Each structure stands twice: as C-alpha cells, then as structure tokens.
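Notes for the structure review
The lines below spell out each chain.
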Amino acid sequence: MNLETFKRDIKTRYKSLPDASMESKVESIMGSIRNDWSIEPKELTLPEMHVLTAAILEEETVTLHDTIEDLLAQKERLERQIARKSDEVQHVKYSLFNTLEKTIGDDPAVLEKLHQIKLQSIDLLDLLQEMVESAIITTLEKGSDIEDTLHEIIKEITFQSLNASVLNAIRIRRILASILQSAINVAEATPNQAETILRGTLLGIRTALIKSIEKFRQYLLYLPDEVKALYRDEYKTIQEELSQIETLMTQVLHSLLKNNSATMIQMLEKISRDIRFDSEEITALSKETVDLLRNRLSQLTKGVSDQREKLLNSKSAQEAKAMGVRAWSVAKSAMEGAIKGAKEAMDKK
C-alpha cells in the first residue's frame, strides 16, 4: 500500500462529510477501506493505522488549529504591547527619581533615602552586572575599608534584587552568578585586590541570603491562601531549592567556571569555605523555612497556574553605573554611622 495515497484518500473522503457526526464519518471511512482498499480495518498494519488516525485527526482539528494560530498571534501582539508599556513605565520611574534628585538638591541624607526607595521600586536584574561593577570600582577608587564597604554594598544590592519578586530558585542563581561575575571581572583587572574584592562580595551575598530567607519565612507566616494558591508551583520549586541550600554556591561557581579562569574560581571556592558560606545558620534557617512552606502548601486542595506579574526591565547602562556609585555612597554612610555610634558608646564608658 502506498501510504501517501492512502492518507490523501482518507483526508479527501473525511472532508467530503462535513455535516455528519464524528461517529458516522469514521464508520464511512471504515466502509471505504473495506470496499475500495479491500482491507478489513482491524487488519491494518501499525504504519497504516498511524496514517489513518493522523489523517482523521488533521481534518477533525483543522479548525481548532486555525483558531489556536489566531490566538497565538493575538497573544504575541499583546506581549509586544505589554513590553512596550513596561519600558514606558520603567522610563517614567527613572524620570521621576531623576527629577526628585534635581529638585530636592544635593543633601546626601535625602539622596540616600531616594536611592533606597529607587532600589525597591525597580527590578535590578538587568542592571545588576554593570551596577555591581560600578560600585566595586568606586569602592576601589576611594581606597579605604574595601572589604567592609563591599560587604555592605553587595548585601544591600543582593537583598533588594532577591526581593524584587517572589523568591525563585532560578532567579537566586542568576542574581548570585551575575554579582560574582562582576566581582571576578574587576578582580582580574586588579589582581592585587582580588581576594579582598571576592571576600567582601561573598560576605555580602551570604548576609543578604540569610536576610532574604528570614524575610521569606516571616512572609509565609501571614500568607493568604489566595496568594499561596497563585504561586503554588513556584513555591514548590523554592521548597526544593531551599532543601539543597548547602549546594547553592557550588552550583553557581560551576556555572561560572566555563567563562572564567580556574584561578578565580578556586579563590572563590577557598573564600567560600573560609567564611562558611554553607554555615549552620543558613542550613537551619532554610530547613525551618522549608518545613513552614511544606505545611502551608499542604493546606491547599489544588494548584493554580502561576500568574505572576511580569517584572519591569531596564537596559540603561548609564543608570546602572550611577546606581552603583550611589550604592557605594549609601554603604559608606551606613558604615560611618555604625562606627560613630560605636565610638560614642565607648567614649561614654
């Protein structure tokens, strides 16, 4: 039997019966196979049966496929419109903060407050690498308290980046990898400061991760059922990721290995072990959060598909650099305030 001829015959016959029910059309096709092809349908070989079902399915679903194509085209148009409007929203945000900075003036305290609000108002993911590089370079140029300053800067940037959206396993790894890649880039350009840069960066990441997990744990305590249902699938992924938190840095470093020198990765691994990145504090907090998350999710009777709102993105390199410099300024002020407070407390004694 010529399978192409067989398929064409089935499709033509099926198409000629548009007003009949599916059952009657299939019966008609079976009759034509017996009469015209002199074969009992039950005696068809596997390839012949496959051709038969494929031909009928194509004809039976052609209208539905056309409808799906139309809907997909509409969906793509809407996505393009959403992307354009998201860019417009992001532009308005930056314009507003720039206007506020110009209008309010040069008061460092006010500018620091605006910077904190700005970090919380936009998604930092697309700005991350350039912003971190800018902050590290600015810290090196100032030339004092490099490790402590980087610890403070990276802690703040990492924490705000992690919490710009629902805590997400893929997002966590992407954020940490982006920040570490920025640190590696600067460290390779300034090898005499490489270990200090990488240590300050890892300390900031570790502190921010602990702070983020704790915030997520507190968030789960008061999470409404509606929100739990909305993010059920995503929370399951987070649960799995937190259960393996001790391997997080290993996974991130492995992803960086293919694009960076082995020397830099080995230095990061050594520092990670020295500062106990996978400390008992992170492990214990993660386990507690996993138990809480498992308990919360088990209370839901069914899952709801993830409808998380799309995060706004920005591709402004200049904005990233400016925010990096501002991050250094904010971190330095925070450190100076802490040092001043400690000194005053000692003087009183």
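In what follows, the structure referred to is the one given above.
Okay, so let's go over this structure. Model, not experiment: these values are computed from the prediction. (Residues numbered from 1 in each chain as written. Predicted model: local features only at pLDDT ≥ 70, side-chain atom pairs only at ≥ 80, totals over all residues. Heavy atoms only, no water.)

Attention now goes to the overall build of the chain. Regarding its fold elements, the chain presents 14 helices and zero strands. Its helices and strands in sequence order give the chain the pattern α-α-α-α-α-α-α-α-α-α-α-α-α-α, from N to C terminus. Burial analysis of the chain (349 residues in total) assigns 41% to the buried set. For the chain, the proportion of contacts with a sequence separation of at least 24, taken over those separated by at least 6, is 79%. Summed over all atoms, the accessible surface of the chain reaches about 19,700 Å², with 53% contributed by carbon and sulfur. (Helix = DSSP H or I, 4+ residues; strand = E, 2+ residues; numbered from the N terminus. Buried < 20%, exposed > 50% of the residue type's maximum accessible area, 1.4 Å probe, protein only. Contact = heavy atoms within 4.5 Å. Areas by Shrake-Rupley, 256 points an atom, 1.4 Å probe, with all protein chains shown as cover.)

Attention now moves to the environment of F159. In this structure, F159 sits in helix 6 (residues 146-162). By relative accessible area, which is 9% here, F159 ends up buried. In sequence terms F159 and K215 are 56 residues apart; their C-alpha atoms lie 10.0 Å from each other. Setting aside its immediate chain neighbours within four residues, F159 contacts A208, K211, S212 and K215.

Turning to the nonpolar core, a few remarks are in order. Counting residues in each nonpolar core, the largest one holds 45 residues, and the members touching the most others are I136, L180, I197, L198, V252 and L256. Ranked by the residues each element gives to this core, the list is headed by helix 7 (residues 169-189), at 10 residues. Those residues in contact with I197 that sit more than four places away from it in its chain are I136, L140, L150, A183, V186, A187 and T190. Grouped together as the second largest cluster of nonpolar side chains are 12 residues, I29, M30, V51 and I56 included. (Core = buried A, V, L, I, M, F, W, Y, C linked by side-chain atoms within 4.5 Å.)

A word on the packing of aromatic side chains. On inspection of all chains with the given rule, the structure shows one aromatic pair. Between the NZ or CZ atom of K211 and the centre of the ring of F159, over which it lies, the distance is 4.3 Å. (Phe/Tyr/Trp six-rings, centres within 6.5 Å; stacked < 30°, edge-to-face > 60°. Lys NZ or Arg CZ within 6 Å of the ring centre and 35° of its normal.)

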